[in-house]
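Listed below, chain by chain, are the residues.
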Amino acid sequence: ASTPLAPGAEVCLGFDGSFNGDSTALVVVSCPVEGRERPHVDVVAAWERPAEAGNDWTVPILDVEAAIRAGTESLAVFRAAEARFESASLENELALVHLGLGNLERARSHVAAATATFDAIGDRRGLAHTTETLAQIELAAGEPGRARVAADEAVAIARETGNQKALVSSLL
């Protein structure tokens, strides 16, 4: 049987997100230290498109971001390399969401956090994605020269690492 979470327990946060037309959820999962113990899962927060919502409904991004930040600040989050990768990937996705909303300052903040984490863990494949995101932000900010420099760097990193997804994104 799973054991409910205790204060100070090592946990991982799980995220399944959507921008519109779908559900978004943040869960916390215990990291059992005993081989016999089963992980315990709790829903931290969930957002589901209301049945009566129109096609323009979107997930409340600021609420989602606040829940993620509160979850990471209030829990002893397990920080394995994989968790850091997931955290950085999530930051990059949040940057893209804020870019889509036109909030370039928030987009820059998220992509900077993602880039710093990918750099710290030595994940050049992840850096290809964040550099491509930065290129999009610079373009939206009316900085085509900076966008070109970032896009060229993203293409170079993607080619160096064999990251075909980042390469295609960078070339589009």
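Residues numbered from 1 in each chain as written. Predicted model: local features only at pLDDT ≥ 70, side-chain atom pairs only at ≥ 80, totals over all residues. Heavy atoms only, no water.

**Looking at the layout of surface pockets**
Okay, so step 1: Volume-wise, the second largest pocket comes out at about 300 Å³.
Okay, so step 2: Within the residue set of the lining of the second largest pocket, elements represented by two or more residues are α2 (81-101), α4 (124-140) and α6 (164-171).
Okay, so step 3: In terms of residues, the lining of the second largest pocket owes the most to one element, α2, which gives 6 residues.
Okay, so step 4: For the lining of the second largest pocket, the per-class residue count stands at 3 nonpolar, 7 polar and 4 charged. (1 Å grid on protein atoms, 1.4 Å probe; cavity = no way out; pocket = protein on both sides within 12 Å on 5 of 7 lines; lining within 4 Å. Points joined across faces, edges and corners; volume = space filled by probe spheres on them. Helix = DSSP H or I, 4+ residues; strand = E, 2+ residues; numbered from the N terminus. Nonpolar A, V, L, I, M, F, W, Y, C, P; charged D, E, K, R; others polar.)

**Observations concerning α4**
Okay, so step 1: A rise of 1.5 Å per residue sets the reference length of α4, with its 17 residues, at 24 Å; its end C-alpha atoms lie 24 Å apart and thus fit the reference within 8%.
Okay, so step 2: Where α4 starts, the residue carrying a side-chain oxygen 3.1 Å from the main-chain nitrogen of Arg125 turns out to be Asp123.
Okay, so step 3: Taken from the residues just after α4, Gly142 is the one with a positive phi, measuring 80°. (Expected span 1.5 Å × (residues − 1). Polar contact = N/O pair within 3.5 Å; in protein donor to acceptor, adjacent residues only side chain to side chain.)

**What about the side chain of Glu65?**
Okay, so step 1: When you line up the elements, Glu65 lands in helix α1 (residues 61-74).
Okay, so step 2: There is a polar contact of 2.9 Å between the side chain of Glu65 and the side chain of His98.
Okay, so step 3: Apart from residues no more than four positions distant in its own chain, Glu65 is found in contact with His98, Arg106 and His110. (Contact = heavy atoms within 4.5 Å.)

**What about α6?**
Count 3.6 residues to each turn of an α-helix, and residues three or four apart come out pointing the same way.
Okay, so step 1: Listed as buried for α6 are Ala166, Leu167 and Ser170. For α6, the arc enclosing every buried residue in end-on projection is 105°, short of the 170-degree limit, so these residues lie on one face. Residues Gln164 and Lys165 are exposed on α6 and point more than 90 degrees away from its buried face.
Okay, so step 2: The inward-facing, buried residues of α6 contact α4 and α5 (144-161). (Buried < 20%, exposed > 50% of the residue type's maximum accessible area, 1.4 Å probe, protein only. Arc of directions from axis to C-beta.)

**Points about the packing of α5 against α6**
Okay, so step 1: Two elements in contact, α5 and α6, have axes whose closest approach is 8 Å; the angle formed by their N-to-C orientations is 155°. With respect to α6, the axis of α5 lies roughly antiparallel. Like other packed secondary-structure pairs, α5 and α6 cross with a definite hand, here left-handed. Along the contact surface, α5 presents Ala151, Ala154, Val155, Ala158 and Arg159, while α6 presents Ala166, Leu167, Ser170 and Leu171.
Okay, so step 2: When grouped by side-chain class, the residues that make up the contact of α5 with α6 number 7 nonpolar, 1 polar and 1 charged. (Axes fitted to C-alpha atoms, helices over the stretch in contact; angles between N-to-C directions. Parallel < 35°, antiparallel > 145°, perpendicular 65-115°, else oblique. Left-handed = near helix turned anticlockwise from the far one by under 90°.)

**Regarding the side chain of His110**
Okay, so step 1: Secondary-structure assignment places His110 in helix α3 (residues 104-120).
Okay, so step 2: For His110, a relative accessible area of 1% gives the class buried.
Okay, so step 3: In this structure, His110 is in contact with Glu65, Arg69, Glu91, Leu94, Ala95 and His98, ignoring residues within four places of it in sequence.

**Looking at the confidence of the model for the protein chain**
Okay, so step 1: Across the protein chain, the average pLDDT comes to 82, with 83% of residues at or above 70.
Okay, so step 2: Ranking the elements of the protein chain by mean pLDDT puts strand β4 (residues 76-77) last with 47 and α4 first with 95.
Okay, so step 3: For the stretch residues 76-81, pLDDT sits under 50, and the model shows 17 contacts to residues farther than four places along the chain or on other chains. (pLDDT = per-residue confidence, 0-100.)

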